[in-house]
Amino acid sequence: MKIVIPGGTGQVGAILKRALDAAGHEVVILTRRPRREGEVEWDGRTLGPWTAEVDGSDVVINLAGRTVSCRYTAANLHEMMASRVDSTHVVGAAITGAARPPRVWLQMSTATVYAHRFDAPNDEATGMIGGAEPGVPDYWAYSVEIAKAWEQAQEQAETPATRKVALRSAMVMSPDAGGVFAVLTGLARLGLGGPVAGGAQYVSWIHEHDFVRAVEFLIDREGIAGPVNLAAPHPLPQRAFMRTLRSAWGVPVGLPATKWMAEVGAFALRSDTELLLKSRRVVPGRLAQAGFDFQYAEWSQAADDLVQQMRKRGGGATATGR
């Protein structure tokens, strides 16, 4: 198959390209700064010569959008919204104008669309969309608005010959440098991976291998359209999540952090506390109903595998010298 991945130069794009190349597919990456063979220039906002790659392709997987790993200033939030909505609109326009449109368009979305909650998990059918929860910072609602606008931009595209799926993805866990797992590992190995603000907030995640398998599954399942949660079936509280990760590395202690300490740490990392404090209890209802079998359903399995991969790549010594 020919698979076009707009915005495919980030970590998730690298994961997909590596796997899809290995499977023998032709993968084209749309990027603002093409540097390698198989990369084509686009600006994420306007139609151009890049649309020839979409015309005649089999699958489009749109990952474009400014990273959420930043301070949530007004300017950054605006750019997060614009980069997602503008790129989705122009991908939709390219598909609409194609003489031979792709048969499926997978559009990245986010599990952040769901409400901050502890009482029950969020699936696609019964989950609570966020934005009106009491007791959370007002600006958290804007993250939900970004997710909703992102999905609406895909829904509004007139693509009658192309099936559309919105990937409400949890954090993709990979041993690659610079990803969220590498950041969490760094904290754990320094003994800093304890509960944050009590640690009751849920963490939803998916192993990179299951993320790729879920994408392949959705490409092949003609009857699935609309939002699909890409998350392992067993989210767990942050304190248990980090305790399991410390155990995989052989680090016995993780210092707890209060809310204000988390704010200081997030500022130092140029990130935002929403990524640490929002309870994302998301489960894969539609994937489960369709018969998708997770190979890494439990975090202990996934953490052990990811740690082993990091050790093989030369990141093996822990803070305790193991």
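Presented here is an overview of the structure given in this document. Along every chain, residues carry numbers that run from 1 in the direction the sequence is written. Per-residue local features are limited, in this predicted model, to residues with pLDDT of at least 70; the limit for side-chain atom pairs, both in listing and counting, is 80 or more; totals at the level of whole chains, interfaces and linings are taken over all residues. Excluding hydrogens and water, the side-chain values take into account all heavy atoms of the structure.

## Some remarks on the pattern of salt bridges
As a working rule, side chains carrying opposite charge can pair if their charged atoms are close by. Should a side-chain nitrogen of Lys or Arg be within 4 Å of a carboxyl oxygen of Asp or Glu, the pair is scored as a salt bridge. In total, this model carries 13 salt bridges according to the counting rule given. Residue Arg 18 pairs with Glu 208 through a salt bridge whose shortest N-O separation is 3.4 Å. Of this pair, Arg 18 sits in helix α1 (residues 11–22) while Glu 208 sits in helix α6 (residues 208–220), placing them 190 residues apart in sequence. Relative accessibility decides the category of a residue: with a 1.4 Å probe and only protein chains considered, values under 20% of the type maximum give buried, values over 50% give exposed, and everything between is partly exposed. On the basis of relative accessibility, which here comes to 42%, the residue Arg 18 falls in the partly exposed class. A salt bridge links Glu 151 to Arg 168, with the nearest nitrogen and oxygen atoms 2.7 Å apart. Of the two residues, Glu 151 is situated in helix α4 (residues 140–156) and Arg 168 in strand β6 (residues 163–169); the sequence distance between them amounts to 17 residues. You can call Glu 151 buried: its relative accessible area is 5%. When its relative accessible area of 8% is taken as the criterion, Arg 168 is described as buried. One salt-bridge network, held together by shared partners, links Arg 18, Asp 176, Glu 208 and Arg 313. Numbering of helices and strands starts at the N terminus; helices are DSSP runs of H or I of at least 4 residues and strands are runs of E of at least 2.

## Description of the environment of Glu 158
With respect to the element layout, Glu 158 can be found in the loop between α4 and β6. Put simply, Glu 158 and Ala 93 are 65 residues apart on the chain and 8.1 Å apart in space, counted from C-alpha to C-alpha.

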